[in-house]
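# Architecture at a glance
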Amino acid sequence: MTTPLTPYGSGAVPRSSGAGIAQPGTAWRQALWIIAAVTFFRILVAAIVPLFPDEAYYWEWSRRLAFGYFDHPPLIAWCIAAGTALFGDAPLAVRLVPILLGAVAGVAVSATARALAGDNAARFAAVLMGVMPLSATGFVLATPDAPLLAAVAVTLWAVVRALEEGGSAARRLRYWSIAGVAVGLAMASKFTGVFIAFGVLIAVLLHRRLQAQLRSAGPWLAVAIASLVMLPVLWWNVQHDWIAFRFQLGHGLGTTARGSWWQREIAFVGGQLAVVTPILLGAFLLAVRKSFDPVGEQRRFVLATIAVFCLGFFVYSATRKNVEANWPAIAWLPALVLVAASRPAMRTRWEHAAAWSAGVITLVLLSQFLTPWMPLRAARDPVARAHGWDTFAWSAEYTAAPLR
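Residues numbered from 1 in each chain as written. Predicted model: local features only at pLDDT ≥ 70, side-chain atom pairs only at ≥ 80, totals over all residues. Heavy atoms only, no water.

## Focus: the overall build of the chain
Counting its secondary structure elements, the chain contains 17 helices and zero strands. Taking all 404 residues of the chain together, 48% fall into the buried category. Accessible surface, the chain as shown: approximately 19,600 Å² in total, 69% of it carbon and sulfur. (Helix = DSSP H or I, 4+ residues; strand = E, 2+ residues; numbered from the N terminus. Buried < 20%, exposed > 50% of the residue type's maximum accessible area, 1.4 Å probe, protein only. Areas by Shrake-Rupley, 256 points an atom, 1.4 Å probe, with all protein chains shown as cover.)

Here it is in structure tokens:
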């Protein structure tokens, strides 16, 4: 005899649900194993694929360490310097710390989902982080996105834990302090890391129950700590006429792009479909819409507000400039947590389809990473631009040899 299902939305599990519930603790261990396996796979890919031109650019920074550079904050340079100091200048050494930061991001995102909805949510978050092209490929490369996303993931976890009900004041202060350090490191990776702090502030102002946070010490302590973490970067910019800030403001909000605004918006949407994948993007937007409720659960509302604010900024930016596909990445981490925490017990067919389709697309992209096989011009294919430099260097040395 089967038990009839009540309408979906009243707490029932839809008939299309997939796998069952793991025992408490088992799903969390599985999440950690998934993160470890994905990290190992990224290491293998990073050891094979030549450095991209942008990575070589940041590697050059790492040879001249400073607290700021012309177009970015310095954290990626320090990450690369740590890897190359231990293992030389091989591609894997350049990428090693960013890859390990990918593991940190995976654990933090999974732990955030776990705090909201338990171990099964953590496991699904680990799967999504492993298969989504944005994170699966982004944490292979030594770019500022790696420390940015890792720091953002830790910030989300710390804020969610700080907002848990029933904890002591000392415990909340501890988590707000971690959030301050993390958001400071996010800003020291990319200036857009400050959007996470703005998202939290907007959520606190909009949600009546969260407004009490403004009367507590925790958020203000987080702001003070984040400011201290960013102080060296700010001081470097003071000494260099705010060059990095001025460049990024022009880069993100300038008006020199060609074409109409709607063409740029279409390109923006296409970029997000590529790096997030279509079904998963739909799941993200739906989860954010459901949680963006100023009278709903506080922690989910904070995550949804961060996603809406970050995404909204880049939608606006696309009306003025071409927005690169990776820029809105900080909006998708809180959305991913909300998807993972939406149905921790059972998953619908669409959620399984989202994970599987993202995994297939990621494998296709990684195969292009390893050996460019799609007939795309290098001008339109960043992956193709990573290959051929060894041959070029050998040819240049061979040509120059008789002149020595």
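There's more to say after this.
## Brief notes about the packing of aromatic side chains
Per the stated rule, a full pass over the model turns up 16 aromatic pairs. Residues F70 and F247 carry aromatic rings whose centres are separated by 4.9 Å and whose planes lie at 55° to one another, so their mutual orientation is tilted. Of the two residues, F70 sits in the loop between α2 (53–62) and α3 (75–87) while F247 sits in helix α11 (residues 243–253), which places them 177 residues apart along the sequence. Measuring from centroid to centroid gives 4.5 Å for F195 and F313, while their planes differ by 50°, and the two rings are tilted. Placement of the pair is F195 in helix α9 (residues 194–206) and F313 in helix α14 (residues 298–317), with a sequence separation of 118 residues. Cluster of aromatic residues (ring-pair linked, three or more members): F195, F198, F309, F313 and F314. Positioned above the aromatic ring of Y175 is the side chain of R174, whose terminal nitrogen or guanidinium carbon lies 5.6 Å from the ring centre. (Phe/Tyr/Trp six-rings, centres within 6.5 Å; stacked < 30°, edge-to-face > 60°. Lys NZ or Arg CZ within 6 Å of the ring centre and 35° of its normal.)

## Focus: the packing of α14 against helix α15 (residues 329–340)
Where α14 contacts α15, the two axes come as close as 8 Å, and the packing angle between them is 150°. In terms of their interaxial angle, α14 and α15 are classed as roughly antiparallel. Of the two elements, α14 crosses α15, and the hand of that crossing is left-handed. Here R300, L303, A304, I306, A307, C310 and L311 of α14 come into contact with α15, specifically with I330, A331, W332, P334, V337 and L338. The class makeup of the residues in the contact of α14 with α15 is 12 nonpolar, no polar and one charged. (Axes fitted to C-alpha atoms, helices over the stretch in contact; angles between N-to-C directions. Parallel < 35°, antiparallel > 145°, perpendicular 65-115°, else oblique. Left-handed = near helix turned anticlockwise from the far one by under 90°. Contact = heavy atoms within 4.5 Å. Nonpolar A, V, L, I, M, F, W, Y, C, P; charged D, E, K, R; others polar.)

## Digging into the pattern of salt bridges
Taken as a whole, this structure holds 10 salt bridges when the rule is applied. Here D241 ties to R246 by a salt bridge, and the two come within 3.3 Å at their closest N and O atoms. In this structure D241 comes out as exposed when scored by relative accessible area, which is 51%. (Salt bridge = Lys/Arg side-chain N within 4 Å of Asp/Glu carboxyl O.)

## Side note on the side chain of T112
Within the element layout of this structure, T112 appears in helix α4 (residues 91–117). Its relative accessible area of 0% is what places T112 among the buried residues. From its side chain, T112 meets the backbone oxygen of A108 in a polar contact 2.7 Å long. Residues in contact with T112, not counting those within four places in the same chain, are A153, L156, W157, V160 and V337. (Polar contact = N/O pair within 3.5 Å; in protein donor to acceptor, adjacent residues only side chain to side chain.)

## Considerations on unusual backbone geometry
Of note, the phi angle at D241 is positive, near 60°, even though the residue is not glycine. Tracing the backbone shows D241 in the loop between α10 (217–239) and α11.

## A short note on the packing of α3 against α4
Look at α3 against α4: their axes get within 7 Å of each other, and the N-to-C directions meet at 120°. On the basis of the axis angle, α3 is oblique to α4. Relative to α4, α3 is oriented so that their crossing is right-handed. Two secondary-structure elements touch here, α3 through I76, C79, I80, A82, G83, T84 and F87 and α4 through A93, V94, L96, V97, P98 and L101. Along the lines of polarity and charge, the residues of the contact of α3 with α4 split into 11 nonpolar, two polar and no charged.

## Points about the confidence of the model for the chain
When the pLDDT values of the chain are averaged, the result is 88; 88% of them are 70 or greater. Of all helices and strands in the chain, the one with the weakest mean pLDDT is helix α17 (residues 389–400) (73), whereas helix α7 (residues 145–162) scores best (98). Across residues 1–19 the pLDDT falls below 50, and counting only partners more than four positions away or on other chains, this stretch makes 22 contacts in the model. (pLDDT = per-residue confidence, 0-100.)

## As for the environment of P328
Within the secondary structure layout, P328 lies in the loop between α14 and α15. Between the C-alpha atom of P328 and that of Q272, which follows or precedes it by 56 residues, the distance is 8.2 Å. Once residues lying within four places of it in the same chain are set aside, the contact partners of P328 are F268, Q272, L311, F314 and V323.

## Observations regarding the side chain of Q272
By the secondary structure assignment, Q272 is in helix α12 (residues 261–276). Among the residues examined, Q272 registers a relative accessible area of 3% and is labelled buried. Ignoring anything within four residues of it in the chain, the contact list for Q272 reads T277, L281, A325, P328 and W332.

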